[in-house]
Amino acid sequence: AQTVTQSQPEMSVQEAETVTLSCTYDTSESDYYLFWYKQPPSRQMILVIRQEAYKQQNATENRFSVNFQKAAKSFSLKISDSQLGDAAMYFCAIPSGTYKYIFGTGTRLKVLA
Amino acid sequence: DVKVTQSSRYLVKRTGEKVFLECVQDMDHENMFWYRQDPGLGLRLIYFSYDVKMKEKGDIPEGYSVSREKKERFSLILESASTNQTSMYLCASSPGSYKLFFGEGSRLTVL
């Protein structure tokens, strides 16, 4: 069965600094996607970044990038030049079968001014 | 932009009441989902639907049922609400490209 583990319930970062959120997973699939979702306070969850497991190159979206270590089954999210608007819950997720997704327990990111 | 609209942001119900949570999406997506979000537990799948009138149980279906009579609408039903169903409920839709579009959530309190 697929599992997703986020071992950091809460993280803090100073504005303009860099922070890395950790995620490890387990899957029996050979080809799969990995996702990071962001849930700002009282707002809807949105997709931050997606990584395709068969691609060796790490995905990047502006200030957000991933460090994907397939052998270690690790998928961390790096946020550079952190901004106050980055404060949110962040969830790591992988698909499970055709329709389902497995989510981690989330990491609450605080950005300090 | 894709819009997923949940009918109520906040609800307060009494134990034993029947509760309806409604979700509407405007992008003709095949797949729709109901998740429950609790602190420290992340998101857990209650039910999902991959077509009109088609539904499948997720990981925690007990105490819940769903209805999908039209493609754009997916309803979650609590037949007899209990205090342990106090939670945040998230609806999502997907075109099948492994990207989920979420609603803003419905925070349900059962007294």
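Data block above holds the structure.
Residues numbered from 1 in each chain as written. Chains lettered and ligands numbered in written order. Predicted model: local features only at pLDDT ≥ 70, side-chain atom pairs only at ≥ 80, totals over all residues. Heavy atoms only, no water.

A. Highlighting the overall build of chain A. Looking only at helices and strands, chain A features zero helices and 12 strands. Going from the N terminus to the C terminus, chain A shows its helices and strands as β-β-β-β-β-β-β-β-β-β-β-β. What you see for chain A is a C-alpha radius of gyration of 14 Å, in line with the 13 Å of a compact globule of 113 residues. Across the 113 residues that make up chain A, the buried fraction comes to 47%. Taking contacts inside chain A between residues at least 6 apart in sequence as the whole, the part at least 24 apart equals 54%. As presented, chain A carries roughly 5600 Å² of accessible surface, and 44% of it is formed by carbon and sulfur atoms. Averaging the positions of the 11 positive and the 10 negative side-chain charges in chain A gives two centres separated by 4 Å. (Helix = DSSP H or I, 4+ residues; strand = E, 2+ residues; numbered from the N terminus. Rg over C-alpha atoms; globule rule 2.2 N^0.38 Å. Buried < 20%, exposed > 50% of the residue type's maximum accessible area, 1.4 Å probe, protein only. Contact = heavy atoms within 4.5 Å. Areas by Shrake-Rupley, 256 points an atom, 1.4 Å probe, with all protein chains shown as cover. Lys, Arg positive; Asp, Glu negative; His and termini not counted. Charge placed at Lys NZ, Arg CZ, Asp CG, Glu CD.)

B. Spotlight on the state of the cysteines. Applying the stated criterion to the full structure yields two disulfides over all chains. Paired through a disulfide, Cys23 of chain A and Cys92 of chain A show a sulfur-sulfur distance of 2.0 Å. Between Cys23 of chain A and Cys92 of chain A, the S-S torsion sits near -70°, and that sign places the bridge as left-handed. Within this pair, whereas Cys23 of chain A is found in the loop between β3 (19-21) and β4 (24-26), its partner Cys92 of chain A is found in strand β10 (residues 88-96), the two being separated by 69 residues in sequence. Each member of the pair, Cys23 of chain A together with Cys92 of chain A, is buried. A disulfide bridge connects Cys23 of chain B with Cys91 of chain B, and the sulfur atoms are separated by 1.9 Å. When the S-S torsion is -80°, as for the bridge of Cys23 of chain B with Cys91 of chain B, the disulfide is left-handed. In this pair, Cys23 of chain B sits in strand β3 (residues 19-25) while Cys91 of chain B sits in strand β9 (residues 87-94), placing the two residues 68 residues apart along the sequence. An identical accessibility class is assigned to Cys23 of chain B and Cys91 of chain B; each is buried. (Disulfide = S-S within 2.5 Å.)

C. Quick peek at the packing of aromatic side chains. All names here are of chain A. Under the criterion given, the structure shown has 15 aromatic pairs over all chains. Between Phe35 and Tyr37, the aromatic rings sit 6.1 Å apart at their centres with planes inclined by 35°, giving tilted as the arrangement. Given a relative accessible area of 0%, Tyr37 falls into the buried group. (Phe/Tyr/Trp six-rings, centres within 6.5 Å; stacked < 30°, edge-to-face > 60°.)

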